[in-house]
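In case you want the letters, here they are:
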Amino acid sequence: MKSAINLRHLRAFVAVARDSSFTRAAERLLLSQSALTVTVRQLEEHLGVALFNRTTRQVMLTVDGESLLIAAERIIGDFDRALAEVTETAKQRQGRVPIAVVPSVATRLMPPLVRGFHEIYPDIRITLRDDNGRGVHRQVLDHDVEFGISNVWRPYPELEFTPLTSDRFGLVCRRDDPLAREEGPFNWAGIDQKRLFIMAADTGFYTALQDTPEFVERCPTPAGEVLAMVTMLDMVRAGLGITLLPELARPAAVESELVFRRLTNPAVHRHLCLIRRRNEALSQGARRVWDYIRAQVPREIELTAAP
């Protein structure tokens with residue numbers, strides 16, 4: 001039975017044809033001359049033709065050998081270029097890691113993480129693609145990113161959810177609102193649904209609140225829903241109502257117009273996860289970012305810089 005022909009045979013043939021010598025070709029391929037001779041003979045036996053005219057002084061291509069040389073060089077060139085392109089693409093993927101994150105994570109959680117990661121891995125660049133809860137899930141499902149950070153907007157079987165951290169919901173109102181007169185946690189019983197605006201159903205905030213019996217019981221028909229968090233905060237600043245947001249989404253410490261009061265009886269948490277496609281390996285760069293985030297993020301976020 002004839003041996004199977006592979007690139008090793010073609011590379012050996014091309015090397016001998018270019019050098020017109022088994023000795024020089026063997027040296028360039030780091031092979032023994034006998035091993036190179038056997039490899040070329042296997043190729044000739046498989047094709048059923050002689051590829052070289054051998055004499056004591058020189059090695060010359062036969063007519064069949066000249067025909068094969070053109071095809072062999074093309075095949076080897078195409079293969080080497082394909083390998084180079086795949087390798088370069090892999091390097092680029094490892095050097096740039098896009099992550100889909102909900103806006104509150106992008107603005108409050110990720111900046112110090114990105115800075116700390118770049119100090120350790122300066123050659124890996126993290127890019128953030130902020131989106132609402134549904135958008136983060138969709139980016140991961142569509143292979144736009146290797147992983148994302150959000151809560152479970154919908155339990156897709158194609159996705160794997162790894163618990164990361166949680167943050168607590170609170171009431172956000174204007175500083176001159178009667179609800180801001182007292183300090184400390186705020187009881188659910190004090191929420192007036194006629195004044196309450198919440199984030200829309202596409203967001204992780206909405207799904208987290210819908211899992212809270214107190215919210216469903218006391219706020220079945222809020223005053224309205226808003227898709228963008230910046231719009232929500234502008235509405236509260238304008239005195240149109242109040243809202244409920246988790247710790248990471250609350251106004252920054254320098255905010256002078258708004259107040260954040262943590263909800264109690266019960267305390268309600270949003271549970272954030274690292275989200276990736278099930279049974280798919282992360283690239284080397286993405287794995288390093290994933291592991292760093294898991295190691296650095298505390299199990300529960302509590303921002304104590306503002307009341």
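Residues numbered from 1 in each chain as written. Predicted model: local features only at pLDDT ≥ 70, side-chain atom pairs only at ≥ 80, totals over all residues. Heavy atoms only, no water.

Peer 1: When you look at the side chain of R168 in this model, what are you seeing that I'm missing?
Peer 2: As for its position among the elements, R168 is in strand 6 (residues 159-174). No salt bridge is formed by the buried R168; the nearest opposite charge belongs to E247, separated by 6.0 Å. Within the local environment of R168, its side chain forms a polar contact with the backbone oxygen of L263, the two atoms lying 2.8 Å apart. With residues near it in sequence (within four places) discarded, R168 still touches P185, L245, P246, E247, F260, R262, L263, T264, A267, V268, H269 and I301. (Helix = DSSP H or I, 4+ residues; strand = E, 2+ residues; numbered from the N terminus. Buried < 20%, exposed > 50% of the residue type's maximum accessible area, 1.4 Å probe, protein only. Lys, Arg positive; Asp, Glu negative; His and termini not counted. Salt bridge = Lys/Arg side-chain N within 4 Å of Asp/Glu carboxyl O. Polar contact = N/O pair within 3.5 Å; in protein donor to acceptor, adjacent residues only side chain to side chain. Contact = heavy atoms within 4.5 Å.)

Peer 1: What is the right way to read the pairing of strand 5 (residues 147-150) from this model?
Peer 2: The two faces of the sheet receive side chains in turn, since in a regular strand these alternate between them. Side-chain alternation along strand 5 places F147 and I149 on one buried face and G148 and S150 on a second face that is also buried. With four bridges connecting them, strand 5 and strand 12 (residues 269-277) associate as antiparallel partners. Paired with I149 across the two strands is L274, which belongs to strand 12. (Pairing = 2+ DSSP bridges.)

Peer 1: Got a minute to help me understand the nonpolar core in this structure?
Peer 2: Soluble globular proteins tend to bury their nonpolar side chains together. Counting residues in hydrophobic clusters, the biggest one holds 37 residues, and the most contacted among them are I99, V105, M110, F147, I149, V289 and I293. For this core, the secondary structure elements donating two or more residues are strand 3 (96-101), helix 5 (103-120), helix 6 (133-141), strand 5, strand 6, strand 12 and helix 10 (284-296). In terms of residue count, the dominant contributor to this core is helix 5 (seven residues). Formed by 34 residues, the second largest nonpolar core is a distinct cluster that contains L179, I198, L263 and V268. (Core = buried A, V, L, I, M, F, W, Y, C linked by side-chain atoms within 4.5 Å.)

Peer 1: Would you explain the pattern of salt bridges in this entry?
Peer 2: Under the criterion given, the structure shown has 14 salt bridges. Between D176 and R174 there is a salt bridge; the shortest N-O distance is 2.8 Å. For D176, a relative accessible area of 55% gives the class exposed. The class of R174 is partly exposed, set by a relative accessible area of 27%. The salt bridge involving R262 is made with E247; its shortest N-O contact spans 2.4 Å.

Peer 1: Whenever I open this one, the environment of D192 confuses me. Can you help?
Peer 2: Structurally, the position occupied by D192 is in the loop between strand 7 (186-187) and strand 8 (196-199). Look at D192 and you get partly exposed, because its relative accessible area is 35%. Linking D192 and I242, residues 50 residues apart in sequence, is a C-alpha distance of 8.8 Å. Engagement of the side chain of D192 in a polar contact is seen with the backbone nitrogen of K194, the distance being 3.0 Å.

Peer 1: Help me understand the pairing of strand 3 in this model?
Peer 2: Among the six residues of strand 3, five are classified as buried, and the element is accordingly described as predominantly covered. Relative to strand 4 (residues 125-130), strand 3 is paired through six bridges, and the arrangement is parallel. Bridge pairing in strand 4 links I99 to L128. On the question of chirality, the crossover connecting strand 3 to the parallel strand 4 by way of helix 5 is right-handed. (Right-handed = clockwise from strand over helix to strand, strands pointing away.)

Peer 1: What is the right way to look at the packing of helix 1 (residues 7-19) against helix 3 (residues 33-47) in this model?
Peer 2: When two helices pack together, their arrangement is given by the angle between their axes and by how far apart the axes lie. The contact between helix 1 and helix 3 brings their axes to 9 Å, and the two run at 110°. Of the possible angle classes, the one that applies to helix 1 and helix 3 is roughly perpendicular. When helix 1 is examined against helix 3, the residues R8, H9, A12, F13 and V16 are found in contact with a partner set consisting of L36, T39, V40, Q42 and L43. Its residues assigned to classes, the contact of helix 1 with helix 3 shows six nonpolar, three polar and one charged. (Axes fitted to C-alpha atoms, helices over the stretch in contact; angles between N-to-C directions. Parallel < 35°, antiparallel > 145°, perpendicular 65-115°, else oblique. Nonpolar A, V, L, I, M, F, W, Y, C, P; charged D, E, K, R; others polar.)

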